[in-house]
Amino acid sequence: MSSGIIAIAAALAIALSTLGPGIGQGLAASKAMEAMARQPEMAKDIRSSLILSLGLMEALTIYGLLIAFMLMAKI
């Protein structure tokens, strides 16, 4: 395989693995803020659930970074 194709594949791995979780994190944070505004007494529970879900979404981005590193090691 040519090194150019591998470099493009690594760039796509990073781009696609950050696009989805980035949109998801924005939507989750938006809905969490809306829920906290509606029910301030539940803010602590909502915040802890939000932090857990943001961490799980961020793991998807880290997987894409790992794949990009693996691809770049082949060059």
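Here the structure is shown first, and the text comes after it.
Residues numbered from 1 in each chain as written. Predicted model: local features only at pLDDT ≥ 70, side-chain atom pairs only at ≥ 80, totals over all residues. Heavy atoms only, no water.

Undergrad: Teacher, can you tell me more about the nonpolar core here?
TA: Grouped burial of nonpolar side chains is what soluble globular proteins tend to show. Listed in full, the five residues of the largest apolar core are Ala 32, Met 36, Ala 43, Ile 46 and Leu 50. For this core, the secondary-structure elements that each account for two or more residues are α1 (3-38) and α2 (43-73). The element contributing the most residues to this core is α2, with three residues. The residues contacting Ile 46, other than those within four sequence positions of it, are Ala 32, Ala 35 and Met 36. (Core = buried A, V, L, I, M, F, W, Y, C linked by side-chain atoms within 4.5 Å. Buried < 20%, exposed > 50% of the residue type's maximum accessible area, 1.4 Å probe, protein only. Helix = DSSP H or I, 4+ residues; strand = E, 2+ residues; numbered from the N terminus. Contact = heavy atoms within 4.5 Å.)

Undergrad: Sorry, what's going on with the pattern of salt bridges here?
TA: Once their charged atoms are close, side chains differing in charge can pair, the charge on each being opposite to the other. Taken as a whole and assessed by the stated rule, the structure comprises one salt bridge. Where Glu 34 meets Arg 38, a salt bridge forms, and the shortest distance between an N and an O atom there is 3.3 Å. One end of the pair, Glu 34, and the other, Arg 38, are both in helix α1, four residues apart, so they sit about a helical turn from each other. We classify Glu 34 as partly exposed; its relative accessible area is 36%. (Salt bridge = Lys/Arg side-chain N within 4 Å of Asp/Glu carboxyl O.)

Undergrad: Help me understand the side chain of Thr 61 in this model?
TA: Structurally, Thr 61 can be placed in helix α2. Given a relative accessible area of 16%, Thr 61 falls into the buried group. In contact with Thr 61, other than residues within four places in its own chain, are Ser 17, Thr 18 and Pro 21.

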